[in-house]
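Coordinates in review
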Amino acid sequence: MRLFSVMISILSTLVLGSALSIQWRKSSFVAIPVVVVGMIFVLIHPTFLRMSHNLRNDIGMALHSSLLILSFVVYQYTHKKFYLMLGGISLYVGLESIIYPSILVAFLFGMGFIWDWIAQPDRTKFEMILYYLLGCITSLTLYLTFHYFPNVADNIAITPQVSNNYTSRSSFTLSSIMSYYMPVYNAITPLYTSVMAIGLIIAVYVEKGLVRRVAIITIVTIAILFTTSITAVGYTAIIAPLVAFSIAGLVRYRSILFIVTIIIIPITATILIRDLNWTIQHKINQRTFDELRLIDWRIPQGSKVLVDDPTFFLVYSHKADILWRESLNLSSYAINHPNATEAEVFHALGINHIICEDGTKLCDLAEQMFSMIHLSLEPPVRYIGFIRSAYPFF
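Residues numbered from 1 in each chain as written. Predicted model: local features only at pLDDT ≥ 70, side-chain atom pairs only at ≥ 80, totals over all residues. Heavy atoms only, no water.

1. Here we look at the overall build of the protein
To be explicit about the condition: Numbering goes from the N terminus for both helices and strands, where a helix is a DSSP run of H or I of at least four residues and a strand is a run of E of at least two. Here's how the labels work: a residue is buried when its accessible area is under 20% of the maximum for its type, exposed when over 50%, partly exposed in between, all with a 1.4 Å probe on protein chains only. Contact criterion: two residues are considered in contact whenever any of their non-hydrogen atoms come within 4.5 Å of each other. Computed with a 1.4 Å probe, the accessible areas rest on the Shrake-Rupley method; for each residue, only the protein chains presented here act as cover.
A count of helical and extended segments in the protein gives 19 helices and three strands. With 394 residues in all, the protein has 46% of them scored as buried. Taking all contacts inside the protein whose residues are at least 6 apart in sequence as the whole, residues at least 24 apart take part in 71%. Accessible area for the protein stands at about 19700 Å²; split by element, carbon and sulfur atoms hold 67% of it.

Take a look at the structure:
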């Protein structure tokens, strides 16, 4: 499962490198350092690096934004509107990863086309909007076809709840920034975040055309994500290619190239390598795998097991029905009984075993639930003492 994420991260980097090489192809002297630095900046982006080793498919968001950039760069030089449609179709990759940030980025690029048309209306700009919109509609149609049929009514009913899961947990205050966003996102390398912020601001002022637009869209994307969802830290993988494309061109200035290659990249890489080395030495991820394998044999045949993050990605029992806790709120029973407690939902779905981290709300709720409804089955399996590592599964 990890191999898939690694392959997608490599593909995203190569696609971005292609976009940068085309964007700066007029000067081979400039193109080479721009492409190299741009690809390095993607690879050392903290969230991109985490997601490239993640069991989830969040790294697909980075591939979406890379493909989006490449399609616009190619259109810029060929003026073939077909590539704008391909950019819209690339949205499907994002939809199969994380829906909310992918749609947000696609929407902001579309608004850029609309802004150009409003500022100076002409037929060409209007056709650009139509081709891009056609690509986005194609992506949405494919996604809805694969994920909503044949139970269309039930899937439509849970759509508001899915959307609410992405956007209802925002707490954008000064205390939340200091206690949640900054420690998590800045934990690996504060230098990268500082360089990203300064680089984007400089790019907005000194760059032109597509590069400047991408820089502006990146800033707006960051602002919206962090003000609408408390889980935005994990979604910032989508901006890694956008950031790299926006600021890579700045290395055409010799002073910036010197600072980036001699100071910024070595220091950032050192911090990331040290973090990775710590994880490898302590083997926390491997120990977690080993411990969960010991749990698997204790799951009775035909039982329904509820698991929490990150256990859901690690339990591969084929003799039981494994349910993810987040999916309970999307069950038909929960939708039809909005006032039902979690314990009532558990009971209605026939859950008889739970794997959870000791001391979490899920484990506490499990104890209350099993003592309250008096199930005549074995006690719930309990997984005790999970420790999040430097490169977590989730």
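2. Some points on the confidence of the model for the protein
The condition that has to hold: A residue's pLDDT is simply how confident the predictor is in it, with values from 0 to 100.
This prediction gives the protein a mean pLDDT of 76; 66% of its residues lie at or above 70. Below a pLDDT of 50 lies the segment residues 372-394, which in the model reaches 70 contacts outside its immediate sequence neighbourhood of four places, other chains included.

3. Quick word on the packing of helix H5 (residues 82-89) against helix H8 (residues 123-148)
This is how it is decided: Lines fitted to the C-alpha atoms define the axes, with helices restricted to the stretch that makes contact. Angles between their N-to-C directions range from 0 to 180 degrees. Here a crossing is called left-handed whenever its near helix is offset anticlockwise from the far helix by less than a right angle, and right-handed whenever the offset is clockwise. Gly counts as polar in this scheme, as do all residues outside two lists: the nonpolar Ala, Val, Leu, Ile, Met, Phe, Trp, Tyr, Cys and Pro, and the charged Asp, Glu, Lys and Arg.
Contact geometry for H5 and H8: axes closest at 6 Å, N-to-C directions at 35°. The handedness of the crossing between H5 and H8 comes out as right-handed. Facing Phe82, Leu84, Met85, Gly87, Gly88 and Ile89 of H5, the residues of H8 in contact are Met128, Tyr131, Tyr132, Leu134, Gly135, Cys136, Thr138 and Ser139. Taken together, the residues of the contact of H5 with H8 sort by class into nine nonpolar, five polar and no charged.

4. Observations concerning the side chain of Ser5
Within the element layout of this structure, Ser5 appears in helix H1 (residues 2-23). Of the residues examined, Ser5 reaches a relative accessible area of 0% and is grouped as buried. Every residue in contact with Ser5, bar those within four places of it in the chain, is listed here: Met51, Ser52, Asn54, Arg56 and Ile59.

5. Focus on the environment of Pro300
Counting through the fold element by element, Pro300 comes out in the loop between helix H16 (284-296) and strand S1 (304-307). You can call Pro300 partly exposed: its relative accessible area is 23%.

6. A word on the pattern of salt bridges
Put simply, the rule is: Between Lys or Arg on one side and Asp or Glu on the other, a salt bridge is scored when a side-chain nitrogen of the former is within 4 Å of a carboxyl oxygen of the latter.
If you walk through the whole model with that rule in mind, you get four salt bridges. Across the salt bridge formed by Lys81 and Glu127, the nearest N and O atoms sit 3.4 Å from each other. Of the two residues, Lys81 is situated in the loop between helix H4 (60-78) and H5 and Glu127 in helix H8; the sequence distance between them amounts to 46 residues. Among the ionic pairs, Glu127 bridges to Arg123, the shortest N-O distance being 3.0 Å. Of this pair, Glu127 and Arg123 both sit in helix H8, four residues apart, roughly one helical turn. Accessibility expressed as a relative area gives 67% for Arg123, which makes it exposed. Through salt bridges with shared partners, a single ionic network connects Lys81, Arg123 and Glu127.

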